[in-house]
Amino acid sequence: MATTGMKVKDLSVFYGEKEAVKKVSLSFSPKQVTALIGPSGCGKSTFLRSLNRMNDTIGGVKTTGEIWIDDVNVNDPSVDVVELRQQIGMVWQRPNPFHKSIYENIAFGPRYHGIKNKKKLDEIVEDSLRRAALWNETKDRLHNSALALSGGQQQRLCIARSIAVKPKVILMDEPASALDPVSTSKIEELIAELKKEYCIVIVTHNMQQAARVSDRTAFFYMGKLIETDDTDKMFTNPSEKETDDYISGRFG
Amino acid sequence: MEQSAVKGQKTNSKSAFMKPHIREEWVGRVYTFVCILVLIATILAIVYFVASKGLSTFITNGVNIGDLLTGLKWDPEGEPAVFGALPFIFGSFSTSLLAALIAAPLGCCAAIFMTQIMPGAGRRFMQPVIELLAGIPSVVYGFVGLSVIVPMLRAIFPGQGIGILAGSLVLAVMILPTITSIATDALAALPGGLKEGSFALGATRWQTIYRIVLPTTLPALLTGVVLGMARAFGEALAVQMVIGNAPHIPRSLFESASTLTSAITLSMGNTISGTAHNNALWSLALILLTMTFIFVFIVRVLERRNHR
Amino acid sequence: MKKMVLVVMALVLTIGLAACGSKNTTNNAANNGANQEAGTNNGTTGGAEGGGEELSGSILAVGSTALQPLVDQVSKKFMETNSGVTIQVQGGGSGTGLTQVAGGQAQIGNSDIFAEEKFKDAEADLAKDLVDHQVAVVGMATVVNKEVGVDNLTKQQLVDIFTGKVTNWKDVGGSDEKITIINRPASSGTRKTFETYALGTKTEDLQGSIQEDSSGTVKKLVGETPGAIGYLAFSYLDDTVKAVKYDGVEASEATVVDGTYPVWAYEHMYTKGEPDAATKAFLDYMLTDEVQNGDVTELGYIPVNKMTVTRAVDGTVTKK
Amino acid sequence: MNAKTADKVATVVICLFAGIIVLVLLGLLGFILFRGLSHISWDFLTSAPETIKAGGGIGPQLFNSLFLLVLTMLITIPLGLGAGIYMSQYAKPGKVTNSIRLVVEVLSSFPSIVVGLFGLLVFVNIMGIGFSLFSGALALTVFNLPLMVRITEQAMAGVPREQKEASLALGLSRWKTITSVMLPIAMPAIITGTILAAGRVFGEAAALLFTAGMSSPRLDFTDWNPLSPFSPLNPFRPAETLAVHIWKINSEGLAPDAGEIAAGASAVLVLTVLLFNFGARWFGRFMHRKFTATR
């Protein structure tokens, strides 16, 4: 079902006068993981956040260019942002479960989108938690507070929460950078699993992680997209000098 | 809607109608907007009300605005009536300034105690104690001031006990919670690394507080003090009971004086709306309003500096 | 007791209404006697209820805090018999009361002083519409701290004190103690009365004098501050302060009534134009002997109909 | 003086000052309670006041205070929440928003007597509500509202941005995000603030002299029909609150035991505010635990 990718054309993002993202064109294919890498402040997070217009919530941000998901331009002012966001899931750097029970964290979205049937909701909760590899750990305490989970579990809960509303694309902003190595590898396994169904865009600082999980990689530097290619090629034989320097650790 | 093509869920089958989430959003926006309109309307009404009444002293009663602000003699029922509000302005400033001078060190010490010296017990015990001070009604403060502070001052110092010092003492206790809670918040918000860095360099706790903590939080502390002063400036009943209310600039801290608020409270009910005396009282209220604006403005400037 | 009062009231009201305009009703004695003691007599309420025509309406009486307790108490009794009438009594000060009644928001404006003295400047015309109803007389005594050792002050001595010519009690025959003046604010009716009838002159607020609006605070301050002098209505006098003679005349109800003690004022209840039926009935009820000798006396005022002298707006006193 | 000594001296001084504050408060409370507690009895709390006789109670006043508080809160809370939410979520940052914020602060520190006279003119006279609990509640709203707005705004601003974004990213509308995700998190802070603000309402006198009035009609505590003029629940009847009663008794009280009644009533008032304070802390903690803890 979720076979949609995204196409970005000439996307620029301004914080007031400052151009944080400069005319980036990039496309994300379905059932693939695309990693966005680059030094801090290169604009990759801003780029990611503009994909579901999350930057709207911050004052003073202006976005130009086109972002296509199916036949809809995300940046079109007439687009219903609420409906749009339902199709684009998002996971943050720090786990941010709602201050509710584990069950409510998952069921909250679907119920809002019209699924009132208790049985159906139960199914969605179980299914989402299973996909996030969290079911076995939480099935006995679904109605306990989500805040009592460990950091890694919370992050997986957040992923489960975002897939519960059946998005087409999942955006991940450094999803494992606040976690320990064990939790990190669990998240990475999960990403590999999820890519079978979703188009995933992940921002990461960790080059090994990018190499491990992604199919394609895009390198951002100073707000510009320097290079994008298959991950294997990027890490072995980049065509731009800046990419090579960054990957081999000469700066950043 | 163009979206419908990509929609995977049946929730939006109603899209021909108004979508529920748009309707809901609209309801929320209208509701909150109406609330803010009510708030603004209230503010405008009260400002208009005070300004129109307060300005009529100058317009209909022909009092010179300069005379009002700088005049030393207040004889509203005399022939001819004289309206000089300087003693009240002086009284308001001196009482609130003195109150702030008394309360600021106490409040800051309490805040330091609660955050730096005994964070656990301090917050659990001191905080409720100080918030309680904020909850005691001003009538009770005035009553206690009249029954305890005035006789005490009368016994210790020459004079009648009543006066600016008595007013300041009562006010100091009343504004203590404002100053303390703002100072506590500022000190608690200080990044832990800053202090630890100082300790790591071998500085004592006092050196750390004195050289690192206080300078960094100074703007916030000042904000607290100014807000406290603003509250002192506007307080009426408690001050009126202990200050004596003579419309003169007193020669000492223990001589009967008057503030803007005490002059208003004392005579407002006794005068008839529309008379020169009544209008003059509203002019005092207008001065008060302007002063409060200035106080808040100062706070704003301090806060802005704090953010930088 | 309540039922008793009810019966009496109904009677009084019936007669009061019947004999509109004439102040003295016939059943004085019965009322006075019954008032305090005859609690056992339950009476038969049924017949007495609404003896006259049924009154209805709501009355708002606003103003003087000094008059409020009296009006409040009497209004409650009045409402017992006239269930169709609701009376609200509020404070706020004489100025507020007169403003409200002149503006038509209240039916009755309670005031400590003549409306003509309050309405000035642009508002002077408003006083013309107001009809005065004098319901009680309040006497005012000069009070001093007990330690000052003075028990008589002449008018001139008082003037000297309140204008600041004399600043020590020894100059008026007391102990060696500095004088502290506890005054009322310039807008106060009490102060106006005191200045007009005790001092005969307006005074300015002196440096170092204290001004308090409430009788309770004045009493407390005079009682506690060494060398303090102030003035209080008779009803507030007690043994914490000392009332001094005025020109040798004792401040008491008797001296006020016979006109020898001049420091007193009427308590006014103003209506705008002629009052409506319910308001009129209530005002008439205020003047019945039952109220005058009962509640008025009980609350420390002096019954207005006992006075042997009357006083006009301009202060001229005439024997009745 | 070397650094160590200075440190010790400073610590002692700070502790001393903190001690002084506690002592002042305990002294204050002790004074009020000591004078008043002996006078408090069930009869005092429930019987009606007397004008000139001893032995009057504060029953109606206590009831009026509580009822007025409820009324005020009924008006203030929805308005304050809405306006606070607007200020923190919908208002565009800029000059207008800032100036509203500024004026809100001015209003919350404005002398209450002016608000009272404003209420007399606008609510009592122009709107024709008369001296009544409702007028009083509206007047109290005038300066409680800014407080409420500020409390809400600060509480909402304290909600982590990720929480809001997580909800928005799930495809929830802003309003739903505010009501279902942000408000519950901000709730403990709002409740604590509200209860503390309630204490201020409870103790207010000057604004009520001119709006709710200084006298009570006879109350029939058996008649609970809010439309009947003698029913305690009728919001359009005049009512004297506890704080106003204290003020009145202190200034013009004629009863022989006026002093004791004032002391007793003050003690009741302070005890109630104390109760509010502890209630606020307990409730805030309870809510916090409910929303965050493991259970």
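Residues numbered from 1 in each chain as written. Chains lettered and ligands numbered in written order. Predicted model: local features only at pLDDT ≥ 70, side-chain atom pairs only at ≥ 80, totals over all residues. Heavy atoms only, no water.

A look at the UniProt feature "transmembrane region" (unreviewed entry) in chain B
Residue and element names in this part refer to chain B.
Argument step 1. Summarizing the sequence annotation, UniProt attributes the feature "transmembrane region" (unreviewed entry) to residues 30-51, 97-117, 129-150, 162-188, 209-230 and 280-302 in the numbering used throughout.
Argument step 2. Here residues 30-51 is 100% helix and 0% strand, with 31 Å between the C-alpha atoms at its ends.
Argument step 3. For residues 97-117, the end-to-end C-alpha separation is 28 Å, with 100% helix and 0% strand making up the annotated structure. (UniProt positions renumbered as here; feature names shortened; annotations may be inferred. Helix = DSSP H or I, 4+ residues; strand = E, 2+ residues; numbered from the N terminus.)

Examining the sheet that holds strand β4 (residues 61-69) of chain A
All names here are of chain A.
Argument step 1. One open sheet holds the 4 strands; their spatial order is β2-β1-β4-β5, and the pairing between them is antiparallel. With partners counted over all chains shown, the strands left at the sheet margins are β2 (18-28) and β5 (72-73), one partner each.
Argument step 2. Relative to β2, strand β1 (residues 6-15) runs antiparallel, the two sharing 7 bridges. Bridge pairing links Phe 14 to Glu 19 in β2. (Pairing = 2+ DSSP bridges.)

Overview of helix α4 (residues 95-108) of chain D
Argument step 1. For α4 of chain D, spanning 14 residues, the distance from its first C-alpha to its last is 20 Å, which sits close to the expected 20 Å at 1.5 Å a residue.
Argument step 2. Where α4 of chain D is concerned, the buried positions are Thr 97, Ile 100, Leu 102, Val 103, Val 104, Glu 105, Val 106, Leu 107 and Ser 108 of chain D. (Expected span 1.5 Å × (residues − 1). Buried < 20%, exposed > 50% of the residue type's maximum accessible area, 1.4 Å probe, protein only.)

Focus: the domain arrangement of chain B
Residues and elements named next belong to chain B.
Argument step 1. Domain parsing of chain B yields domain 1 (2-59) and domain 2 (82-307).
Argument step 2. Each side of the interface is counted separately: domain 1 has 10 residues, and domain 2 has 9 residues.
Argument step 3. Both sides together, the interface formed by domain 1 and domain 2 hides about 780 Å², and carbon and sulfur atoms give 72% of it.
Argument step 4. The largest share of the area that domain 1 buries against domain 2 comes from Val 50, Lys 53 and Thr 57, three residues that together contribute 56% of it.
Argument step 5. Seen at the junction of domain 1 and domain 2, the total is 4 residue pairs in polar contact (both at pLDDT 80 or more).
Argument step 6. For the side of domain 1 that touches domain 2, a count of residues per class yields 6 nonpolar, 3 polar and 1 charged. (Domains from an automatic or database assignment. Contact = heavy atoms within 4.5 Å. Buried area = accessible area lost by both parts, 1.4 Å probe. Polar contact = N/O pair within 3.5 Å; in protein donor to acceptor, adjacent residues only side chain to side chain. Nonpolar A, V, L, I, M, F, W, Y, C, P; charged D, E, K, R; others polar.)

Quick word on the confidence of the model for chain B
All names here are of chain B.
Argument step 1. Per-residue pLDDT for chain B averages 81, and the proportion of residues at 70 or more is 93%.
Argument step 2. Every residue in residues 1-16 is under pLDDT 50, and counting partners more than four places away or in other chains gives 31 contacts.
Argument step 3. Taken together, the chains of this predicted complex give a pTM of 0.78 and an interface ipTM of 0.76. (pLDDT = per-residue confidence, 0-100.)

Overview of the interface of chain B and chain D
Argument step 1. Contacts between the two partners involve 68 residues from chain B, matched on the other side by 70 residues from chain D.
Argument step 2. For the chain B and chain D pair, buried surface summed over both sides reaches about 6,500 Å², with 82% attributable to carbon and sulfur atoms.
Argument step 3. Across the chain B-chain D interface, the total number found is 0 salt bridges.
Argument step 4. When contributions to the side of chain B that touches chain D are tallied by element, the ones reaching two or more residues are α1 (20-59), α3 (86-117), α4 (119-135), α5 (138-156), α6 (164-188), α8 (205-234), α10 (260-268) and α11 (276-307) of chain B.
Argument step 5. If you tally residues by element for the side of chain B that touches chain D, the top one is α1 of chain B, at 19 residues.
Argument step 6. Here the side of chain B that touches chain D is built from residues that sort into 48 nonpolar, 14 polar and 6 charged. (Salt bridge = Lys/Arg side-chain N within 4 Å of Asp/Glu carboxyl O.)

As for the pairing of strand β9 (residues 216-221) of chain A
All names here are of chain A.
Argument step 1. Sheet topology places strand β3 (residues 33-37) next to β9; 4 bridges connect them, and they run parallel. In the strand pairing of β9, Thr 34 is matched with Arg 216.
Argument step 2. Pairing between β9 and strand β10 (residues 224-230): 6 bridges, direction antiparallel. What sits directly across from Phe 219, in β10, is Glu 227.

With respect to helix α12 (residues 277-287) of chain C
Argument step 1. Most of α12 of chain C sits inside the fold, with 8 of its 11 residues counted as buried.
Argument step 2. Here α12 of chain C has its buried residues at Ala 278, Thr 279, Ala 281, Phe 282, Leu 283, Tyr 285, Met 286 and Leu 287 of chain C.

So, the side chain of Glu 255 of chain B
Argument step 1. The residue Glu 255 of chain B is located in the loop between α9 (237-243) and α10 in this model.
Argument step 2. The buried category is assigned to Glu 255 of chain B, whose relative accessible area is 11%.
Argument step 3. Side chain to side chain, Glu 255 of chain B and Arg 251 of chain B meet in a polar contact 2.9 Å long.
Argument step 4. The residues touching Glu 255 of chain B, leaving out its near neighbours within four places in the chain, are Ile 162, Gly 163, Ile 164 and Pro 250 of chain B together with Gln 207 and Gly 208 of chain C.

Brief notes about the UniProt feature "domain: ABC transporter" (unreviewed entry) in chain A
Argument step 1. Taken from the UniProt record, the annotation "domain: ABC transporter" (unreviewed entry) applies to residues 6-247 of chain A.
Argument step 2. Across residues 6-247 of chain A, the secondary structure splits into 38% helix and 26% strand, with the terminal C-alpha atoms separated by 26 Å.

Side note on the nonpolar core
Argument step 1. Counting 276 residues, the largest nonpolar core has Leu 284 of chain B together with Trp 169, Ile 229 and Phe 282 of chain C as its most contacted members.
Argument step 2. Apart from residues lying up to four places away in sequence, Phe 282 of chain C is in contact with Ile 59, Val 71, Val 74, Ser 75, Phe 78, Ile 87, Ile 108 and Met 269 of chain C. (Core = buried A, V, L, I, M, F, W, Y, C linked by side-chain atoms within 4.5 Å.)

Concerning the interface of chain C and chain D
Argument step 1. Each partner contributes to the interface: chain C provides 28 residues, whereas chain D provides 20 residues.
Argument step 2. Across the chain C/chain D interface, buried area totals approximately 2,000 Å², and carbon plus sulfur atoms make up 57% of it.
Argument step 3. Taken together, the connections running from chain C to chain D amount to 0 salt bridges.
Argument step 4. For the pair chain C and chain D, the interface holds 0 residue pairs in polar contact (both at pLDDT 80 or more).
Argument step 5. Within the residue set of the side of chain C that touches chain D, elements represented by two or more residues are β1 (57-63), α4 (68-81), β2 (85-92), α5 (94-102) and α10 (215-224) of chain C.
Argument step 6. At 7 residues, the largest contribution of residues to the side of chain C that touches chain D is made by α4 of chain C.
Argument step 7. The residue makeup of the side of chain C that touches chain D, split by class, is 7 nonpolar, 16 polar and 5 charged.

Quick word on empty space enclosed by the protein
Argument step 1. This model, assessed by the stated rule, comprises 9 cavities of 30 Å³ or more.
Argument step 2. By volume, the largest cavity amounts to about 620 Å³.
Argument step 3. If you trace the largest cavity, you find 41 residues lining it, with Thr 65, Asp 213 and Ser 214 of chain C together with Trp 247 and Glu 252 of chain D closest to the centre.
Argument step 4. Considering every element that reaches the lining of the largest cavity, the biggest residue donor is helix α10 (residues 242-252) of chain D, with 4 residues.
Argument step 5. Considered class by class, the residues forming the lining of the largest cavity number 16 nonpolar, 19 polar and 6 charged.
Argument step 6. For the second largest cavity, the calculated volume is near 110 Å³.
Argument step 7. Trp 74, Phe 88, Leu 266 and Ser 267 of chain B together with Gln 211 of chain C are the residues nearest the centre of the second largest cavity, which is lined by 15 residues in total.
Argument step 8. Looking at the lining of the second largest cavity, the elements with two or more residues in it are α10 and α11 of chain B.
Argument step 9. Its residues assigned to classes, the lining of the second largest cavity comprises 9 nonpolar, 5 polar and 1 charged. (1 Å grid on protein atoms, 1.4 Å probe; cavity = no way out; pocket = protein on both sides within 12 Å on 5 of 7 lines; lining within 4 Å. Points joined across faces, edges and corners; volume = space filled by probe spheres on them.)

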